[in-house]
Amino acid sequence: QVQLDESGGGLVQAGGSLRLSCAASGRTHSIRAMAMAWFRQAPGKEREFVAAVSWHGSTTNYTESLKGRFTISRDTVKNTVYLQMNSLKPEDTAVYYCGAGSTIAAVSAGGCDYWGQGTQVTVSS
C-alpha cells in the first residue's frame, strides 16, 4: 500500500504564495516508479486536474490556465511532491489532493491508484 499525506495548505491573501507538499510512504519501491499529480476541488464543483509529474521528475503536465503560476516538482529521495503556487487568486480556493498512479498520462486523466485526504487552500480577496 501507498499512503499520501498532503500539507502546506492554509489561508493566504490574493497575490500571495503557498507551497503544498505530498509525502508518500509505504511501498517506497512502488512510489518511486509512480507518476504523481495534484487535483483540486472547489465547493460545489467537480474535482479538476492541476498538474502532474513523471516518476523521474523530468516530465510535467499542467492544466493550461494554471501554467506560469503553479509549478510541480518532486524529490525522489524524500518521496515528496510539491506544488508551488504563486500569484494566488480567490478562485484558487479549493481542497487540493495529491494522487499517484502508473503513468503521467493516467494520473493527468484522474486515473490515480492512490489519493491523499486533501489540504484546504483559501485565498482571500
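Residues numbered from 1 in each chain as written. Predicted model: local features only at pLDDT ≥ 70, side-chain atom pairs only at ≥ 80, totals over all residues. Heavy atoms only, no water.

1. Concerning the pattern of salt bridges
According to the stated counting rule, one finds 4 salt bridges in the structure shown. Linking Arg40 and Glu48 is a salt bridge whose minimum nitrogen-to-oxygen distance equals 2.5 Å. Take Arg40: its relative accessible area is 8%, and that puts it in the buried class. Of the residues examined, Glu48 reaches a relative accessible area of 37% and is grouped as partly exposed. Between Asp92 and Arg69 there is a salt bridge, and its shortest N-O distance comes to 2.8 Å. Of this pair, Asp92 sits in the loop between β8 (80-85) and β9 (94-101) while Arg69 sits in the loop between β6 (60-62) and β7 (70-75), and the two are 23 residues apart along the sequence. Accessibility assignment for this pair places Asp92 and Arg69 in one class, buried. Salt bridges here are not isolated pairs; linked through shared partners, they connect Arg40, Glu48, Arg69 and Asp92. (Salt bridge = Lys/Arg side-chain N within 4 Å of Asp/Glu carboxyl O. Buried < 20%, exposed > 50% of the residue type's maximum accessible area, 1.4 Å probe, protein only. Helix = DSSP H or I, 4+ residues; strand = E, 2+ residues; numbered from the N terminus.)

2. Some points on the sheet that holds β7
The strand order across the open sheet built from 4 strands is β1-β3-β8-β7, with neighbouring strands paired in antiparallel fashion. In this open sheet, the two edge strands, each paired with only one partner strand, are β1 (2-7) and β7. Across the sheet, the mean angle separating the axes of adjacent strands is 15° when strand polarity is ignored. Pairing between strand β3 (residues 18-26) and β8: 6 bridges, direction antiparallel. When the sheet's bridge partners are listed, Leu18 is paired in β8 with Met85. (Pairing = 2+ DSSP bridges. Axes fitted to C-alpha atoms, helices over the stretch in contact; angles between N-to-C directions.)

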